[in-house]
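# Structure assessment
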Amino acid sequence: MINRTLIRLKVVQLLYSYLIARVDFRLIPEPARRTRDAVWSYAVYIDLLMFIIELSGRSVDGRIPTGVPRQDSNELYSLRVPKALSEDSAVRELLVKEGGRMSRLRGALAPVYNRILNSTVYTDFSRKRKPTLKEETTMWQVLLTTVIARSPELTDVLKSDERHTLAGLEKGFAMVGETLEDFNQVSSMLTDASNQLETALTKSFELYHALLLLPVELTRLREEQLVAAKNKYLPSHEDLNPNTRFIDNKFVAALKATPELEKFCSDHGVGWSGDFYGMKDLLDRVVSSPAYAEYMSREDESTYEEDCDLWRKLLRDIVIPSDELAEMLESKSVYWNDDIQVMGTFVLKTVKQAGREEHTDEKGNRIVALLPMYKDDEDRRFGGELFKAAVDHRLEYKALIDKYVKSDWDPDRIAFMDVVVMLTAIAELVRFPQIPLPVTMNEYTEIAADYSMPRSGQFVNGLLYSAAQDLKSEGIINK
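Quick summary incoming for the structure in this document. (Residues numbered from 1 in each chain as written. Predicted model: local features only at pLDDT ≥ 70, side-chain atom pairs only at ≥ 80, totals over all residues. Heavy atoms only, no water.)

### Remarks on the pattern of salt bridges
- Within the structure shown, the criterion is met by 39 salt bridges.
- One salt bridge connects Arg220 with Glu224, and the closest N-O pair in it is separated by 2.5 Å. Of this pair, Arg220 and Glu224 are both found in helix 9 (residues 166-230), four residues apart, which corresponds to roughly one turn of the helix.
- What makes Arg220 partly exposed here is its relative accessible area of 36%. (Salt bridge = Lys/Arg side-chain N within 4 Å of Asp/Glu carboxyl O. Helix = DSSP H or I, 4+ residues; strand = E, 2+ residues; numbered from the N terminus. Buried < 20%, exposed > 50% of the residue type's maximum accessible area, 1.4 Å probe, protein only.)

### Describing a nonpolar patch on the surface
- Taken together, the side chains of Tyr16, Ile20 and Phe416 present a nonpolar region at the surface, about 260 Å² in accessible area.
- By secondary structure assignment, the location of Tyr16 is in helix 1 (residues 4-21). (Patch = residues over 30% accessible without salt bridge, like charges linked within 9 Å, V, L, I, M, F, W, Y side chains within 5 Å. Areas by Shrake-Rupley, 256 points an atom, 1.4 Å probe, with all protein chains shown as cover.)

### What to know about the packing of aromatic side chains
- Considering all chains together, one arrives at nine aromatic pairs under this definition.
- Here Phe246 and Tyr292 contribute two aromatic rings whose centre-to-centre distance is 5.2 Å and whose plane-to-plane angle is 65°, an arrangement assigned as edge-to-face. One end of the pair, Phe246, is in the loop between helix 10 (237-240) and helix 11 (250-256); the other, Tyr292, is in helix 14 (residues 290-296), and 46 residues separate them in sequence. A single burial state applies to Phe246 and to Tyr292, both of which are buried.
- Ring centres 5.2 Å apart and planes at 80° place the aromatic pair Phe276 and Tyr277 in the edge-to-face group.
- One aromatic cluster is present, formed by Phe205, Tyr208 and Phe264 through successive ring pairs.
- The lysine or arginine in question, Arg4, covers the ring of Phe382, its NZ or CZ lying 4.5 Å from the ring centre. (Phe/Tyr/Trp six-rings, centres within 6.5 Å; stacked < 30°, edge-to-face > 60°. Lys NZ or Arg CZ within 6 Å of the ring centre and 35° of its normal.)

So yeah, pure geometry; function would need other evidence.
So this is what it looks like as structure tokens:
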């Protein structure tokens, strides 16, 4: 029921927030006070960051690291910490200035690399089937103090610097530990973001139930009004003999008898009890509508299908588009007003199906068949996998985007939401080969058009087309 259109939108929204807040590495700045220990410890700090990068087979100055295997044959190459270090923009700027100093440290790469592979901490880590980013970062923190800091081949080179002091050396290692600990927070942010995605989708499902509960609550309120009219000091004939067709609606009775609706709303705290004035205004709209007047004017008893049809019209034309509902939704959840269009569609589908397919419980009472949260397990996994793919490969996808930005466009002036939409779209193109190319193109063009700049839809569509052709030519996608 939570379809991929909504999931894509939630992923884009969450990725936007996540990338805005994310900082991979908070590099320690150069010391303000240029004491000997401060200058020396900062130099050690930079050397160790470069050393970790080259341990993974990556170069910091364009020269081939000596003594360690390169790229795929290097056991540390696939690890995320050295990869993130090498790709971080602040680190890259630092390497441009300081990369030349790495040449004197390369003789220590081979022995330290071998000690890492033979260490207990790395052996234990490598046995994990799917280690988390936090587990890997923790491993590097332990390696820093138990292996790297105790390798004489490296420490002897560092100590040979004329600025060397023991306190400065120890502080340099401690500073790298601080940077790794900061990076550890990235894994927490990623976990939090993934949880937020699941929360947002759960909230959407809550909205589905809340909208289905509206006919029940509006009918209850109307019944209370009729009872109150009977008890007036001088009730009229109409007050004493009201037309009860609306409160006797068979679809509403079926909703009341549906245990899944009652249980879900109870378990998740979904309801409208605190919205009396908003509900009253909404009921006034319903009662004054032509659909209500036509329904109440009938003389014969309405069928279940006709009762369903009334509420489908009222929800579609009166309730869901109303300002009163929008105000109530805004006070209940930050997610709901964004979701009303999609969830409203599924509510209308549920009401329409109820009129066509009668369902009963074990006692023979008519109930309403509710839609499941996800169509299948593949849809359940889709959002999390898409978000992770966009985060993990954002740099390479961003490079592909930059490649197709026209020469008269300043990449820094492109709306960040456009970039996020395209990152997510490319992640879907690559990660989900079973989704047809036109579907992905159309979905993200719509998102860009609705949630970014006026011409973003056209811009995103054109760039995605070019990126897709590139990915096809390289054999990365085949659809």
